[in-house]
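The lines below spell out each chain.
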Amino acid sequence: MRSKIGKVVIDAAYGLQTSEQATEEERKIEEIVSNCQENEYNAKIAREKNWAILFSLSHIRGNAIEWLPVSQGEKVLEIGSGYGALTSVLAEKSGFVTCVEPSPIKNKINAQRNRNREGIEICQGNWMEISPHLKKTYDWIFLMDAWGEAASWIDGADPWAELLKSVKEYLAPGGKIVLASDNRLGLRYFAGCREPYSQEYFRGIEGYAENAGKKTFSRPEMEQVIHLAGLEQIEFYYPYPDYHLPMTIYSDEHLPKVGELWDNLRNFDQERYLFFDEMKAFDQIIKDGLFPVFSNSFLAVIRAEKEQVPQARTIFSKYSNERARAFAIRTDIWKDEEGIRHAGKAACYPEGRRHIDQLPIWMEQLTDVYKDVGITMNTCHMGDERIEIDFLKGQTLEEKMDHFLLEGKAEDAIRELMRYIQAVRQAGSNQKFYVTSEFEQVFGPVLLPEGLTCGAVTDIDMVAGNAICCEQGWVHMDYEWSFDFPIPVNYVIYRIIQNYLYGNVERKALNKELLYKRAGLTEQEIAQYTD
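Below you will find a few notes about this structure. Given the structure is predicted, the values throughout are model-derived calculations rather than measurements.

Concerning empty space enclosed by the protein
Considering all chains together, one arrives at 3 cavities of 30 Å³ or more under this definition. Computed from the structure, the largest cavity encloses a volume of approximately 50 Å³. Residues that form the lining of the largest cavity fall into these classes: 7 nonpolar, 3 polar and no charged.

Given below as structure tokens:
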């Protein structure tokens, strides 16, 4: 039995017919997707304040897979498509998606939210019911939320390995399987979060019953299951804070640095304990080289056979898409076929292309502004789909200052900071600041003292983490937030100090008020900049 909602086909011919009653949340989700455009979902999420609605409709869900190199024309299979949070991303990237999902309610919602997209077919039933009737192979097969629940619909001593063996038969030559799992040993579960399936504390850490139908995996367990299924090549990625609502994707070739993992209170679904400071724990775990063991979740990209020729691949992606669509971007680091690293920025939506295309212009203008003070701009140029930026190696000013603090040399850290601030001030003080309509549109009305100075062009993100130290001074890595109307150079300096102090708990040992005073900031300015 085949039906259509908009352009989406639902095929219910092969799965067992089931009757289920929609929950209150499902009725609300269906109402939203039926009556709202996708760019209106976030307003509904904010209004409802409900985890099920957030999980089902948030565009952040797509960050888990949007960075993968799925190309137009490639055939995609999504097993366990749920309410279609990932289906929409896959359809946009490939143009052809086959979904497998047993729930009629979820399928209806998926079809309704994607009703205007071409190339989506939903097969109603579980994988073991549907797979014998599939007549094609796929370039990409996604097992995301369905992976942890495999034992609830597959029999056998090791249902997860049996699932992968079955799925492998539908891979096209050179095809890839992508699966996701919460980490049984994820740091959050030691720190006070409940195990996601049983809703019990420490259930995964203490181990599951042999007949558990749903479970999470540690990395060694995942590797064992994958190899048991006869799959040879695995690339592990680490979505942070987790794969459900990720903002950053790390890999074994680009692991997090100390101080980066600060956004740990993401338990939107249920209450939790706070047994310890997860940021401090992660910092120590990173220093000890154990992050792959304690990452909150995994994403594995799997091939049936090992690559004979190295391929280009992304090793890091960071999303900045919790902002307006016109400014939503993704920052990538990738390795080419020869193993050389590159960096770049891509717009998440068509509306953001103008924001990205402006970067080469800012580079040229800021290079002129800072040419005499020892600050140079990292080089960028237009690529096919993104702005490509030179990948820089070296110690950032932030890392250099942290090193001094660890050695108990706080005054040396302050001296380095003030030297950099002096360079920023010198370059950004060749004009008198005055308030313009463009300034008020971005920053709102302010009451600032007379006599402030500014530059012709200002990058407000000249923070220490963006400055690579070199013999000539510093190379500035990121000039995305630049403006060509007057902005007080003291505001830039305020942000440099504020960003450094609040990026790591240990840095708060520095006296904030003393730093502001040494940087020449008045109390009136600080009050305005803080607001």
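Having put the structure on the table, let's press on.
A short note on the pairing of strand β12 (residues 329-335)
Within β12, 7 of the 7 residues are buried, which leaves the element mostly enclosed by the surrounding structure. Of the two faces of β12, both are covered, the one formed by Ile329, Thr331, Ile333 and Lys335 as well as the one formed by Arg330, Asp332 and Trp334. Relative to β12, strand β11 (residues 313-320) is paired through 7 bridges, and the arrangement is antiparallel. The residue bridging Arg313 from the neighbouring strand is Lys335, located in β12. What sits between β12 and strand β13 (residues 341-347) in their antiparallel hairpin is a turn of 5 residues, with Gly339 showing a positive phi close to 85°.

Brief notes about the packing of aromatic side chains
What characterises a pair of aromatic rings is the spacing of the ring centres plus the angle enclosed by the ring planes. Summed over the entire model, instances satisfying the criterion amount to 30 aromatic pairs. Ring geometry for Tyr273 and Phe275: centres 5.3 Å apart, planes at 15°, overall stacked. According to the relative accessible area criterion, Phe275 is partly exposed, its value standing at 45%. A centroid spacing of 5.7 Å and a plane angle of 20° characterise the contact between Tyr494 and Tyr516, whose relative ring orientation is stacked.

A word on unusual backbone geometry
With the exception of glycine, the majority of residues adopt a negative phi angle, and the majority of peptide bonds are in the trans configuration. The step from Tyr240 to Pro241 runs through a cis peptide bond, and the omega angle for that step is 5°. Note that Pro241 resides in the loop between β8 (233-240) and β9 (248-251). Of note, the phi angle at Lys49 is positive, near 55°, even though the residue is not glycine. Mapped onto the elements of the fold, Lys49 is located in the loop between α2 (41-48) and α3 (51-57). You will see that Gln199, though not glycine, has its phi angle at about 65°, which is positive. As for its position among the elements, Gln199 is in the loop between α8 (187-191) and α9 (203-206). By relative accessible area, which is 32% here, Gln199 ends up partly exposed.

Topic: the pairing of strand β5 (residues 120-124)
On a regular strand, one side chain projects to one face of the sheet and the next to the other, so that they alternate. The element β5 is extensively covered by neighbouring structure, given that 4 of its 5 residues are classed as buried. Of the pairings in the sheet, the one linking strand β4 (residues 97-101) to β5 comprises 5 bridges and is parallel in character. Across the sheet, the residue bridging to Glu101 is Gln124, located in β5. Handedness of the β-α-β unit built from β4, helix α5 (residues 104-113) and β5 comes out right-handed.

Some remarks on the pattern of salt bridges
Applying the stated rule across the entire model yields 39 salt bridges. The closest approach of N and O atoms between Glu416 and Lys400, which form a salt bridge, is 3.5 Å. In this pair, Glu416 is assigned in helix α16 (residues 410-427) and Lys400 in helix α15 (residues 397-406), connecting sequence segments 16 residues apart. Assessed through its relative accessible area of 14%, Glu416 is described here as buried. The class for Lys400 is partly exposed, based on a relative accessible area of 23%.

Rules behind the numbers
Residues numbered from 1 in each chain as written. Predicted model: local features only at pLDDT ≥ 70, side-chain atom pairs only at ≥ 80, totals over all residues. Heavy atoms only, no water. 1 Å grid on protein atoms, 1.4 Å probe; cavity = no way out; pocket = protein on both sides within 12 Å on 5 of 7 lines; lining within 4 Å. Points joined across faces, edges and corners; volume = space filled by probe spheres on them. Nonpolar A, V, L, I, M, F, W, Y, C, P; charged D, E, K, R; others polar. Buried < 20%, exposed > 50% of the residue type's maximum accessible area, 1.4 Å probe, protein only. Helix = DSSP H or I, 4+ residues; strand = E, 2+ residues; numbered from the N terminus. Pairing = 2+ DSSP bridges. Phe/Tyr/Trp six-rings, centres within 6.5 Å; stacked < 30°, edge-to-face > 60°. Right-handed = clockwise from strand over helix to strand, strands pointing away. Salt bridge = Lys/Arg side-chain N within 4 Å of Asp/Glu carboxyl O.

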